[in-house]
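Listed below, chain by chain, are the residues.
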Amino acid sequence: MEVIATRPKSLRDVPFTYCPGCTHGIAHRLIAESIDEHGLINKMAGVAPVGCSVFAYKFFNFDMAEAAHGRAPAVATGIKRARPDMHVFTYQGDGDLAAIGTAEIVHAANRGEHISVFFVNNAIYGMTGGQMAPTTLPDMKTTTSPYGRKVDDIGYPIRVCELLDTLVAPYYIERVSLLSGPDIIKAKKAVSKAIQYNKEGRGFTFIEFVSTCPTNWGIEPVKALVWAKENMLPFYKPGVFRDKGAPE
Amino acid sequence: MSKVLMKGNEAVAKAAINAGCRLYFAYPITPQSELIEYMAKMMPTVGGTFLQAESEVAAINMVYGAAGAGKRVMTSSSSPGISLKAEGMSYLAGAQLPCVIINVQRGGPGLGDIQPAQGDYFQATKGGGHGDYRLIVLAPSSVQEFADMASEAFDLADKYRNPVMILADGMLGQMMEPVDFKPAKTDQEIEAMGHQHESWCIHPNQDGDLKHHHEINSLEIDPVVLEKHVTKLYEKYAQIEANETRHELYNINDDNEILVVAFGTASRVVRSAVDELNAEGKNIGLFRPITVWPYPYEELAKCIGPRVKQVYVFELNTGQMVEDVKIAVNGKVPVNFWGRVGGMVFTPEQIKEKLQACF
Amino acid sequence: MKTEIICSGFGGQGVLTIGKFIAQAGMKEGKHVSWLPSYGPEMRGGTANVSAVVSDQPIASPIVSTPDILVALNQPSIEKFAPHIRPGGVLVYDTGMCPDGCKRTDIQIISAPISSLAKEIGSDKVVNMIAIGMVIGRTNVIKYESMEEDLTSFLKERDPDLLEKNLIAIKKGMELGKA
Ligand SMILES: Cc1ncc(C[n+]2csc(CCOP(=O)(O)OP(=O)(O)O)c2C)c(N)n1
Ligand code: SF4
Ligand SMILES: [Mg+2]
């Protein structure tokens, strides 16, 4: 029998704690495969956030740190500055990165910190049971926006790629989608490129994954993908915002 | 009014609204999220402000602003989030701003877990943020008491111009018990209350008096002035210590052989054990501090009857309040401690075993 | 009199609701009650359980470690809690979900294919009500009338059909409990 898909070496044999149909698992896999492909498993370190992916420190098969809520880019900065020969990434949700951790991500990006940041945008706080995130869409109902997100009161959702794209230092910024097979193939290319740039010491690289949270959206997994395609992608348009390594 | 079965998190939120709280700023965290969710749902129905802040740091500073503007304002969180509020609490105390902060404690340190614990006792009662200051800290043990404390906390905050913390835990936040709510303050009462701080707070200068100038501030760059300010704070704290200690006595009498001390939900588990042992012919008294700052030292000292062989303290931490108990007992009898941590809650059977070993 | 109850099953089976209805009914009857759920990530697809206490006296510990009544809707719940049932206490379980049952002989065991009976009555949602009925049939922790009153005020307008089914389910449970 031909083996067509095995667990990447960069993932440990530990079952994921994610709900059925959650896209966090796909994001993990893409990152792990890319690290394997670039031969970095022995020189990699990751920083897990506080969110559903809080246990990411158990899942990746190299040294990992678990940060306080929102502080992963600062922790990654510390690791990278202390061990410049290692390659460092953070993995963060939208509440973690774009609410409580806004200062840390903006300043890590602004310093052009030599780290990769993988950002899972599911428009909600998954871990804590479905509260409003900074990326929650206008009028979307959550447990803390029970009457829908009122943009006049609480503002519009934050587009993080666009925000970081105003800074001079970042080397590579791309938004991808995890909502279909072909999208995932594209996403894989972007992740691989970020890891490659990280390996080459080029600078700050940032990938946003447009994702789903079937559990807290209250939509079954397959329909959640459709819902996200119809509602998330028009607001969070996939694309390359910055690629300083692209051929002229 | 008839009783309703409600979770602690929701009951305290409803009671706060009844007490005239019209501004609430917070950030989600387990096991207090029902509180923020209740506020999200109900504040708009009473014309109040609910705002989910981008962080606990922002939330507590929104509280600083609203309290500085003289309004009843509240925030809530659980342990890791309370740490982030510590800076703001120090500023609030320094600037003498009334507000209510709820801590639905969980296991720590660090990210810890989300099960009930009492590990933030030191943080709550000994300051928590930097500098010399005190929060008034109330420790409820039932959903009814949790709810009742909302209005008491606001009254104390207003009376002393000081932040008040309600130190609850995940068990109390998550559990449901029947609650009787005090009648809600009317709009007129709230309006009237809104003027009580106008001698110092930020508010419109109605009569256009050019001398009107209020500062909400904790900075005193001149050490002579700062010393005076901190001394004044301490005079206030002494007054609170003299007037505001609260406690509950359970089976305290001259024949007590052991005196048990416990606070919050832990005291309920302990009470079950005490009941069972007393039914078996032992004589154990239970002292429950309700204010943990100011601590009821004198009241506790008075409960050490002539036959008390030892004082036993039970907490859901590695031994924090026991230090205050030792101050109160002052060497009169031995003080013993046992606790569980990490979000593990002791059972009445375990407490019973510990107490039985004393006879 | 104090009755300590644990209801346990998979997350989503509604065991928390069973506890809530019992506590609510007890409160209506003027008793002291408490309801303490397990909470946290284990609820996501894992097991859920709730401690409920109904008592004439104020309730000290809301945590139940030796229940008078255990309602188990899956086998792991029996493994976990049945050994702690007070001798003479009551175990209510769903034979469809708990194939291995319980070997204890010093407790009263009432079992029935609760899930299939619910389907017969016409709604998966009434599993809870059959279980509550079984408890009412065997013990006097709460009265049928309190449940009927509670459900009526809650469902009469909203879903009279479900109300009807709920009441049938409780009565069915009571028969099983009495047997
Ligand atoms: C200081 C602090 N505040 C709040 C929390 C509670 N908390 C845990 S995860 C989380 C939000 C997670 O949402 P997100 O980052 O979007 O990740 P997701 O679960 O959606 O993947 C919050 C608010 C915490 N652990 N620490
Ligand atoms: S709650 Fe949402 S984001 Fe979290 S694991 Fe479940 S589906 Fe994924
Ligand atoms: Mg999220």
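Procedures and definitions
Residues numbered from 1 in each chain as written. Chains lettered and ligands numbered in written order. Predicted model: local features only at pLDDT ≥ 70, side-chain atom pairs only at ≥ 80, totals over all residues. Heavy atoms only, no water. Contact = heavy atoms within 4.5 Å. Buried area = accessible area lost by both parts, 1.4 Å probe. Salt bridge = Lys/Arg side-chain N within 4 Å of Asp/Glu carboxyl O. Polar contact = N/O pair within 3.5 Å; in protein donor to acceptor, adjacent residues only side chain to side chain. Helix = DSSP H or I, 4+ residues; strand = E, 2+ residues; numbered from the N terminus. Donors = N, O, S within 2.8 Å, 3.2 Å for Na, K, Ca; no water. Buried < 20%, exposed > 50% of the residue type's maximum accessible area, 1.4 Å probe, protein only. Core = buried A, V, L, I, M, F, W, Y, C linked by side-chain atoms within 4.5 Å. Domains from an automatic or database assignment. Near = heavy atom within 4 Å. Nonpolar A, V, L, I, M, F, W, Y, C, P; charged D, E, K, R; others polar. 1 Å grid on protein atoms, 1.4 Å probe; cavity = no way out; pocket = protein on both sides within 12 Å on 5 of 7 lines; lining within 4 Å. Points joined across faces, edges and corners; volume = space filled by probe spheres on them. Pairing = 2+ DSSP bridges. Axes fitted to C-alpha atoms, helices over the stretch in contact; angles between N-to-C directions. Parallel < 35°, antiparallel > 145°, perpendicular 65-115°, else oblique. Areas by Shrake-Rupley, 256 points an atom, 1.4 Å probe, with all protein chains shown as cover. pLDDT = per-residue confidence, 0-100.

Here the focus is the interface of chain B and chain C. Taken together, the contact between chain B and chain C spans 25 residues of the former and 20 residues of the latter. Both sides together, the interface formed by chain B and chain C hides about 1,700 Å², and carbon and sulfur atoms give 67% of it. Looking only at chain B, the three residues that lose the most surface to chain C are Leu 5, Met 176 and Arg 268 of chain B, adding up to 31% of its buried area. The tally of links between chain B and chain C comes to zero salt bridges. Put simply, chain B and chain C have nine residue pairs in polar contact (both at pLDDT 80 or more) between them. Looking at the side of chain B that touches chain C, the elements that each hand over two or more residues are strand 1 (4-7), helix 7 (170-174), strand 8 (176-179), helix 10 (266-279) and helix 13 (348-356) of chain B. In terms of residue count, the dominant contributor to the side of chain B that touches chain C is helix 10 of chain B (four residues).

Quick look at the coordination of the magnesium ion (ligand 3) now. Residues and elements named next belong to chain A. The protein atoms donating to the magnesium ion (ligand 3) are Asp 94 (OD), Asn 122 (OD1) and Ile 124 (O), with metal-donor distances spanning 2.1 to 2.6 Å. Donor residues for the magnesium ion (ligand 3), ordered by position in the chain, follow D-x27-N-x1-I. Both residues of the pair, Asn 122 and Ile 124, count as buried.

This part is about the nonpolar core. Counting residues in each nonpolar core, the largest one holds 117 residues, and the members touching the most others are Met 39, Met 74, Val 260 and Leu 355 of chain B. For this core, the leading source of residues is helix 6 (residues 143-160) of chain B, giving 10 residues. Here this core gathers at least three residues from each of two domains, domain 1 (4-193) and domain 2 (248-356) of chain B. The next biggest cluster of nonpolar side chains, apart from the first, holds 49 residues, and it includes Val 50, Ile 110, Leu 167 and Ala 169 of chain C.

Moving on: the site of ligand 2. Near ligand 2, the surroundings consist of 12 residues, among which Cys 19, Cys 22, Cys 52, Cys 213 and Asn 216 of chain A are the closest. At the site occupied by ligand 2, nearby residues are drawn from chains A and C. Among the elements that take part in the shell around ligand 2, helix 9 (residues 214-217) of chain A stands out by supplying three residues, more than any other. Its residues assigned to classes, the shell around ligand 2 comprises six nonpolar, five polar and one charged.

Residue and element names in this part refer to chain B. Each pocket or cavity is described by its volume, and for the second largest pocket that value is around 660 Å³. Of the residues in the lining of the second largest pocket, the class split is 11 nonpolar, nine polar and four charged. Shared between two domains, the lining of the second largest pocket holds at least three residues of each, these being domain 1 (4-193) and domain 2 (248-356).

So, on to the sheet that holds strand 4 (residues 115-121) of chain A. Residue and element names in this part refer to chain A. Overall, mixed pairing links the seven strands, which are arranged 2-1-3-4-8-7-9 in an open sheet. What marks the edges here is a single partner per strand, and that holds for strand 2 (63-66) and strand 9 (239-243). In this sheet, adjacent strand axes meet at a mean angle of 15 degrees when their direction is disregarded. Strands strand 1 (44-48), strand 2, strand 3 (87-93) and strand 4 of the sheet are contacted by helix 3 (residues 72-82), whose axis makes an angle of about 175 degrees with strand 3. Across the face of the sheet, helix 8 (residues 181-199) comes into contact with strand 1, strand 3, strand 4, strand 7 (172-177), strand 8 (205-210) and strand 9 while running at roughly 160 degrees to strand 7.

Moving on to the packing of helix 3 of chain A against helix 5 (residues 102-110) of chain A. Residues and elements named next belong to chain A. Two elements in contact, helix 3 and helix 5, have axes whose closest approach is 7 Å; the angle formed by their N-to-C orientations is 40 degrees. The angle between the axes of helix 3 and helix 5 places the two elements in the oblique class. Here Pro 73, Ala 74 and Thr 77 of helix 3 lie close against helix 5, whose contacting residues are Glu 104, Ile 105 and Ala 108. Its residues assigned to classes, the contact of helix 3 with helix 5 shows four nonpolar, one polar and one charged.

Residues and elements named next belong to chain B. Judged by pairing direction, the sheet is mixed, and its five strands sit side by side in the order 9-11-10-13-14 without closing on themselves. Of all the strands in the sheet, just strand 9 (247-250) and strand 14 (335-339) have a single pairing partner and so form its edges. Adjacent strand axes in the sheet meet at a mean angle of 20 degrees, parallel and antiparallel pairs treated alike. By the bridge criterion, four bridges tie strand 10 (residues 258-261) to strand 13 (residues 310-315) in an arrangement that is parallel. The residue of strand 13 that forms the bridge with Val 260 is Tyr 312. Here helix 10 sits on the sheet in contact with strand 9, strand 10, strand 11 (284-289) and strand 13, set at roughly 165 degrees to strand 11.

To continue, consider the site of ligand 1. The environment of ligand 1 is made up of 21 residues, and the closest members are His 24, Cys 52, Asp 94 and Asp 96 of chain A together with Glu 56 of chain B. Contact distances for ligand 1 include 3.1 Å between an oxygen atom and a backbone N or O atom of Ile 124 of chain A. With the chains in place, 97% of the 590 Å² that ligand 1 exposes on its own is no longer accessible. Listed by contribution, the elements that provide at least two residues to the shell around ligand 1 are helix 4 (94-100) and strand 5 (124-125) of chain A. In terms of residues, the shell around ligand 1 owes the most to one element, helix 4 of chain A, which gives three residues.

Tallying the contact residues gives 19 residues for chain B and 19 residues for chain A. The junction of chain B with chain A conceals about 1,300 Å² of combined surface from both sides, 61% of it contributed by carbon and sulfur atoms. In this assembly, chain B and chain A are joined by zero salt bridges. Inspection of the region where chain B meets chain A yields eight residue pairs in polar contact (both at pLDDT 80 or more). Every element with two or more residues in the side of chain B that touches chain A is listed here: helix 2 (33-42) and strand 3 (49-52) of chain B.

We now examine the confidence of the model for chain B. In this model, chain B carries an average pLDDT of 97, and 100% of its residues clear a pLDDT of 70 or more. The ipTM value of the predicted complex is 0.94, and its pTM value is 0.96.

Residue and element names in this part refer to chain B. With the rule as written, the count across this model stands at three cavities of 30 Å³ or more. When its volume is computed, the second largest cavity comes out at roughly 40 Å³. Of all the secondary structure elements, the ones that give two or more residues to the lining of the second largest cavity are strand 9, helix 10 and strand 11. The residue makeup of the lining of the second largest cavity, split by class, is four nonpolar, one polar and three charged.

A few words on the environment of Ala 98 of chain A. All names here are of chain A. Along the chain, the position of Ala 98 falls in helix 4. Considering only alpha carbons, one finds Ala 98 and Thr 135, 37 residues apart in sequence, at a separation of 7.8 Å. Setting aside chain neighbours within four positions, we find Ala 98 in contact with Gly 93, Pro 134, Ile 158 and Val 160.

A separate point is the domain arrangement of chain B. Residues and elements named next belong to chain B. Domains assigned within chain B are domain 1 (4-193) and domain 2 (248-356). Here domain 1 and domain 2 have C-alpha centroids that lie 27 Å from each other. In terms of surface lost to domain 2, no three residues of domain 1 exceed Gln 118, Tyr 121 and Ser 141, which account for 32% of the buried area on that side. Between the two partners, domain 1 and domain 2, sit three salt bridges. Inspection of the region where domain 1 meets domain 2 yields 16 residue pairs in polar contact (both at pLDDT 80 or more). If you list the elements that add at least two residues to the side of domain 1 that touches domain 2, you get helix 5 (121-125), strand 6 (136-138), helix 6, strand 7 (163-169) and helix 7. In terms of residue class, the side of domain 1 that touches domain 2 is built from 15 nonpolar, seven polar and seven charged.

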